[in-house]
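Understanding the architecture of this molecule
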Amino acid sequence: MSDNNYSRKRALDYHEFPKPGKLEIQATKPMANGRDLSLAYSPGVAEASMEIAKNPAAASRYTARGNLVAVVSNGSAVLGLGNIGALASKPVMEGKAVLFKKFANIDCFDIELDESDPEKLANIICAMEPSFGAINLEDIKAPDCFIVEQICREKMNIPVFHDDQHGTAIVVGAAATNALKVVGKSFEDIKIVSTGGGAAGIACLNMLLKLGIKRENVWLCDIEGLVYEGREAEMTPQKAAYAQGASPATLNDVIEGADLFLGLSGPGVLKPEMVAKMSDKPIIFALANPTPEIMPDEVRKVAPDAIIATGRSDFPNQVNNVLCFPFIFRGALDVGATEINDAMQLGCIEGIAALARATTSAEAAAAYKGEQLTFGEDYLIPKPFDPRLMGVVASAVAKAAMESGVATRPVEDLGAYKAKLDESVFRSALIMRPVFEAASKAHRKIVFAEGEDERVLRAAQAMIEETTDVPILIGRPDVIAHRAERAGLSIQPGRDFDIVNPERDERYRDYWGSYHKIMSRQGVTPDLAKAILRTNTTAIGAIMVHREEADSLICGTFGQYLWHLNYIQQILGTPNLHPVGALSLMILQDGPLLIADTHVHPTPTAAQIAETVIGAARHVRRFGVEPKISICSYSQFGNHGSDSGIRAREALAILDSAPRDFSYEGEMHVDAALDAEVRQRIFPDARFDGPANVLVFTNADAASAVRNTLKVKGGGLEVGPILMGMGNRAHIVTPSITARGLLNMSAIAGTPVAEYG
């Protein structure tokens, strides 16, 4: 079977199984009983309808309209497929709908209309205004698309956006903005030659004029050659606006000296000899799909210094509308915009372009492994899976909508709005906010034992950008510098962070001496102390904390947890500080759940279980959560004489021996801990209502199993493990941690113990 047949079968299977299509509708309110039904439909639904009848703006409060977009097409110009008709365009429109949901959490219905007359098509769309918060026009042929959009914009009081035109124009505008920065040119001074003249091509030229390109410096060609004054063949009013001169000419005739080629036409239109006629450092946007106007390798042969963008994902600088449309609609919907105007589109361009110039996110780097994501000739615009797009672009659009007067529901605090958008993408952002706020009041030095790890480098960059803490990295300086440069990070040793070089550091003698003094009566000789402090970065970091050269240590991005714990306990343990347990915060769809002890005590004693409960109660409050702790075991409220049940009951007695300012209960199964109705049936006299938010287990096997099941099968995002009992002087992460996870741990480490009791 050929690769093409395999790819075709895989694509068809994707659309057919396990159920046909790519969309389904899910209820957002409970429908479990008659009471729910009476609220969802008759008679309760009448209350919402009457409110909307009195005040149409209330529709955004009582219905899904304010977060609902229609993707509308008649299938007359489907990308790469042509006029395939409304029905055949449905898979494409479904795909657009799922992109709205994936990238911006916007609900979307795809609407395929079997109507070729542009005025009739526009009137049908206008009649749908009560159903939707915005309209995304898609794959309608030119010039019909211009007519449809104009009519809809004039008649409708919601945003209408033809993505093929304006989405492409926005991403091209962002790419051109940054390409000119790379080559050191300005919009006002460049000559542009464009091929195409369709909806996207005209929209791109219109946008480039708004960005500063002079009309007299634009040369438009199509299948008939240069668009000139008086030409009759293949002309439209939109093309005529860009007519140059009064006589026929070819692309080859007008390309000389051009600074920017913009192609939205067809394969092979631009020849290498034409590129050779362009200016120094030419910018080539060959955007025809799937085969561009010229392949990048052909450009490089004649212009090695060229900046190249295509519409393909297998080359750098893919001009992809998904960078724009989800987020411009997100911002427009959130402020109740009545249209998407020039100011909002320019705001979108500024946001996208600025994001590419910023440090690359760890999440984008993870999604595009092996690619160089550093601003420059091969990275002009962000990648679609950069999670920062939501906050940066949507907030820029919302701001522009408010400033230009088209927002009917302006947000009061743009900073808070952007933070909310970030929270919707970075699942840990909301629960971690109190921790970051507490950390912002401190100024602590955090030493990372595995300073050469790219995740650590990205976390260090984020620390510098988002906190007041100072990172210290243990590692070889040349390796750290090389990996930071490769990752596109701007941090520099000495300026942003300090380095401890295990191979050669002036403090080495002091460090091994300190370690030997601590361990001399535990069989550690001077030679062994020297060897350990030359090779063991966890020991080096712990010694730095011991010597008060750092406030906290983070280690564990590789290696076994207990191996790291051994050195932390040796060096930092005191009569008052000892490892109590490891606490993992799992961020789930329905809220946070904390699990302990996952790593420290394989089979904790009753006293250790009680210590873990007390420590967990202290730490859970760091996240703004009031603790409800369940001690979980095989036994349930005394129904079994197992060892785990006995230890759980003894731990409960220890806890009961003194006043506690938090809720706890045990011993019980996990279902009784999380389901109040189950607990009520089994044990009506339980000490707290509602679900537990902390589960403390009587052995590490159970705790670890629940933690990993929630991560792998439950979609849980972990913050931690948090090492309790060490006064926040050290934390051991696990090898699966992400750069975002390390940043979260640095915020936890960056808060003095006194801040949270």
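Residues numbered from 1 in each chain as written. Predicted model: local features only at pLDDT ≥ 70, side-chain atom pairs only at ≥ 80, totals over all residues. Heavy atoms only, no water.

With an unreviewed UniProt entry as reference, the chain is termed NADP-dependent malic enzyme, source organism Aliiroseovarius salicola.

Here the focus is the packing of helix α24 (residues 537-546) against helix α25 (residues 561-572). Put simply, α24 and α25 touch, their axes get as near as 9 Å, and they point 25° apart. Classified by the interaxial angle, the pair formed by α24 and α25 is roughly parallel. In terms of crossing hand, the pair formed by α24 and α25 is right-handed. Mapping the contact onto sequence places Thr-538, Ala-539, Ala-542, Ile-543, Val-545 and His-546 in α24 and Trp-563, His-564, Tyr-567, Ile-568, Ile-571 and Leu-572 in α25. Within the contact of α24 with α25, the residues separate by chemical class into nine nonpolar, three polar and no charged. (Axes fitted to C-alpha atoms, helices over the stretch in contact; angles between N-to-C directions. Helix = DSSP H or I, 4+ residues; strand = E, 2+ residues; numbered from the N terminus. Parallel < 35°, antiparallel > 145°, perpendicular 65-115°, else oblique. Left-handed = near helix turned anticlockwise from the far one by under 90°. Contact = heavy atoms within 4.5 Å. Nonpolar A, V, L, I, M, F, W, Y, C, P; charged D, E, K, R; others polar.)

Turning next to the pattern of salt bridges. Counting across every chain of the model gives 37 salt bridges. Here Glu-138 makes a salt bridge to Lys-96, at a shortest N to O gap of 2.5 Å. With Glu-138 in the loop between β3 (134-137) and α7 (144-155) and Lys-96 in helix α5 (residues 90-104), this residue pair connects regions lying 42 residues apart in the sequence. Take Glu-138: its relative accessible area is 8%, and that puts it in the buried class. Note that Glu-718 and Arg-707 form a salt bridge whose closest N and O atoms lie 2.7 Å from each other. On the criterion of sequence distance, the pair formed by Glu-718 in strand β20 (residues 717-724) and Arg-707 in helix α30 (residues 700-712) is long-range, its members being 11 residues apart. (Salt bridge = Lys/Arg side-chain N within 4 Å of Asp/Glu carboxyl O. Buried < 20%, exposed > 50% of the residue type's maximum accessible area, 1.4 Å probe, protein only.)

Turning next to the packing of helix α6 (residues 118-126) against α7. Direction vectors running N to C along α6 and α7 enclose 35°, while the axes themselves pass 9 Å from each other. The crossing of α6 and α7 is right-handed. Residues Pro-118, Glu-119, Leu-121, Ala-122, Asn-123, Ile-125 and Cys-126 of α6 form the contact with α7, whose participating residues are Asp-144, Ile-147, Val-148, Ile-151, Cys-152 and Lys-155. Its residues assigned to classes, the contact of α6 with α7 shows nine nonpolar, one polar and three charged.

For the rest of this paragraph, the subject is the nonpolar core. In this structure, Ile-125, Ile-135, Phe-285 and Phe-329 are the most contacted members of the largest nonpolar core, which totals 100 residues. Here this core gets 10 residues from one element, more than from any other, and that element is helix α8 (residues 163-183). Core analysis: the second largest hydrophobic core is formed by 57 residues, Phe-436, Ile-491, Val-580 and Met-745 among them. (Core = buried A, V, L, I, M, F, W, Y, C linked by side-chain atoms within 4.5 Å.)

If you walk across this open sheet you meet the five strands as β13-β12-β11-β14-β21, and the pairing is parallel. Of all the strands in the sheet, just β13 (498-500) and β21 (730-732) have a single pairing partner and so form its edges. With direction set aside, neighbouring strand axes in the sheet form an average angle of 20°. Relative to strand β14 (residues 552-555), strand β11 (residues 445-448) runs parallel, the two sharing three bridges. The residue bridging Ile-446 from the neighbouring strand is Ser-552, located in β14. Set on the sheet, α25 makes contact with β14 and β21; between it and β21 the angle comes to about 170°. (Pairing = 2+ DSSP bridges.)

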